[in-house]
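# Inside the fold
Here's the letter readout for the chains.
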Amino acid sequence: MWVYEKKLQYPVRVSKCDPRMAKFLMEQYGGADGELAAALRYLNQRYTIPDKVIGLLNDIGTEEFAHLEMIAAMVYKLTKDASVAELEAAGLGAHYANHDHALYYENAAGVPWTATYIQAKGDPIADLYEDIAAEEKARATYQWLIDMTDDVDLQDSLKFLREREIIHSLRFREAVEIIKEDRETKKIF
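Residues numbered from 1 in each chain as written. Predicted model: local features only at pLDDT ≥ 70, side-chain atom pairs only at ≥ 80, totals over all residues. Heavy atoms only, no water.

Put simply, the rule reads: UniProt positions are given in the numbering used here, feature names are shortened, and annotations may be inferred rather than shown by experiment.
Per an unreviewed UniProt entry, the protein goes by the name Spore coat protein CotJC and belongs to Paenibacillus lautus. The protein has a UniProt comment under Sequence similarities (unreviewed entry) that states "Belongs to the manganese catalase family."

### Quick look at unusual backbone geometry
Heads up, the condition is: Secondary structure follows DSSP: runs of H or I at least 4 residues long count as helices, runs of E at least 2 residues long count as strands, and numbering of each begins at the N terminus.
With a phi angle near 55 degrees, D100 is a residue other than glycine that sits in the positive phi range. Relative to the helices and strands, D100 resides in the loop between α5 (93-99) and α6 (124-147).

### Thoughts on helix α7 (residues 152-184)
Threshold: Helices are assigned an expected span. That span is 1.5 Å times one less than the residue count. Polar contact is defined as a pair of N or O atoms within 3.5 Å, subject to the rule that within protein one atom must be able to donate a hydrogen and the other to accept it, and that residues adjacent in sequence are counted only when both atoms are side-chain atoms.
If you check α7, its first and last C-alpha atoms are 48 Å apart, about what 33 residues at 1.5 Å a residue would give, namely 48 Å. A side-chain oxygen of the first residue of α7 lies 3.0 Å from the backbone nitrogen of D153; this N-cap is D151.

### Topic: the layout of surface pockets
For clarity, the cut-off: Only protein atoms enter the calculation, which uses a 1 Å grid: trapped sets of points that fit a 1.4 Å probe without letting it out are cavities, open sets showing protein on both sides within 12 Å along at least five of seven lines are pockets, and any residue with an atom within 4 Å of a point is a lining residue. Grid points are joined across faces, edges and corners, and a volume is the space filled by probe spheres set on the points. Note on residue categories: nonpolar means Ala, Val, Leu, Ile, Met, Phe, Trp, Tyr, Cys or Pro, charged means Asp, Glu, Lys or Arg, and polar means any other residue, Gly included.
The calculated volume of the largest pocket comes to roughly 370 Å³. Taken together, W2, V3, Y4, E5, K7, L8, Q9, T62, F65, A66 and E69 make up the full set of residues lining the largest pocket. Residue classes in the lining of the largest pocket are distributed as 6 nonpolar, 2 polar and 3 charged.

### Some thoughts on the confidence of the model for the protein
Defined as follows: The quantity called pLDDT is the predictor's confidence in a given residue, expressed from 0 to 100.
When pLDDT is averaged along the protein, the result is 95; 97% of the residues meet or exceed 70. Within the protein, no element has a lower average pLDDT than α5, which sits at 95, and none a higher one than helix α1 (residues 19-30), at 98.

### Re the side chain of T141
Just so we agree on the cut-off: Contacts are assigned to residue pairs that have any heavy atoms within 4.5 Å of one another.
Locating T141 in the fold gives a position in helix α6. With residues near it in sequence (within four places) discarded, T141 still touches E27 and Q28.

### Quick notes on the packing of aromatic side chains
This is how the line gets drawn: Any two rings among Phe, Tyr and Trp, with Trp reduced to its six-membered ring, count as a pair given centres within 6.5 Å; such a pair is stacked if its planes are under 30 degrees apart, edge-to-face if over 60, and tilted if neither.
Under the counting rule described, the total for this entry stands at 4 aromatic pairs. Aromatic side chains Y29 and Y105 sit 4.6 Å apart centroid to centroid with 10 degrees between the ring planes, which places their arrangement in the stacked category. Residue Y29 is found in helix α1, and its partner Y105 is found in the loop between α5 and α6; the two are separated by 76 residues along the sequence.

### Concerning empty space enclosed by the protein
This model, assessed by the stated rule, comprises 2 cavities of 30 Å³ or more. For the largest cavity, the calculated volume is near 110 Å³. What lines the largest cavity is simply A22, K23, M26, V75, T79, L87, L92, H95, D100, H101, A102 and L103. Counting only elements with at least two residues in the lining of the largest cavity, the list comes to α1 and α3 (51-79). Counting residues per element, the lining of the largest cavity draws most heavily on α1, which supplies 3 residues. Considering only residue class, the lining of the largest cavity consists of 7 nonpolar, 3 polar and 2 charged. Lining of the second largest cavity is provided by Q28, D33, G34, E35, A38, Y42, E64, A134, E135, A138 and E165. Here the lining of the second largest cavity is built from residues that sort into 4 nonpolar, 2 polar and 5 charged.

### Section: the UniProt feature "binding site: Mn(2+)" (unreviewed entry) in the protein
Condition: A 1.4 Å probe rolled over the protein chains alone gives each residue an accessible area, and that area as a share of the maximum for its type sets the label: buried under 20%, exposed over 50%, partly exposed in between.
Listed under "binding site: Mn(2+)" (unreviewed entry) in the UniProt record, and renumbered for this structure, are E35, E64, H67, E135 and H168. With the annotated positions falling across 134 residues, the maximum pairwise C-alpha distance of 12.6 Å places them together in a single cluster. Put simply, the named residues that line the second largest cavity are E35, E64 and E135. Positionally, E135 belongs in helix α6. For E135, the contacting residues outside a window of four places in its chain are Y42, I60, E64, E165, H168, S169 and F172. Overall, H168 belongs to the buried group, its relative accessible area being 1%. The residues touching H168, leaving out its near neighbours within four places in the chain, are I60, E63, E64, H67 and E135.

Structure follows, in structure tokens:
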């Protein structure tokens, strides 16, 4: 189903070692409104969504995995040269004690990712509104992350991700209208 290109969807650059920022970025790696939860939510929901919008959920779910890869690259680059003392000072001491420099699906507060983050009601309209909300929450989080760093290289990648969340929200809104229109169309058999 997937073809993997051995490159990121958008270049990830960072100007300096910054474990504090890496900690905050973990929210988008393993948080409730992060990229993993979004990818799994959309790829799961596609099985109970009308045929007219299955492709949309598949496409956006797949793109969310690409965003997850970008966040992982950012966290790695921000921490690869960090000392244990720097990690501890940034609030990553417990993470280091459990995982060294390895990535682990957890949010910025260190709470592990859980499947309870994934919503799937089985009602297409309810699920799509949930998806719109998820994209808007991710957009807001990206904006706050942009505001928290002075690293213009990192801001560039975060701005790309923020803009993709806006596009995804718009596409889900279009899907709601497609489903509503289809429901209102008189069926003749």
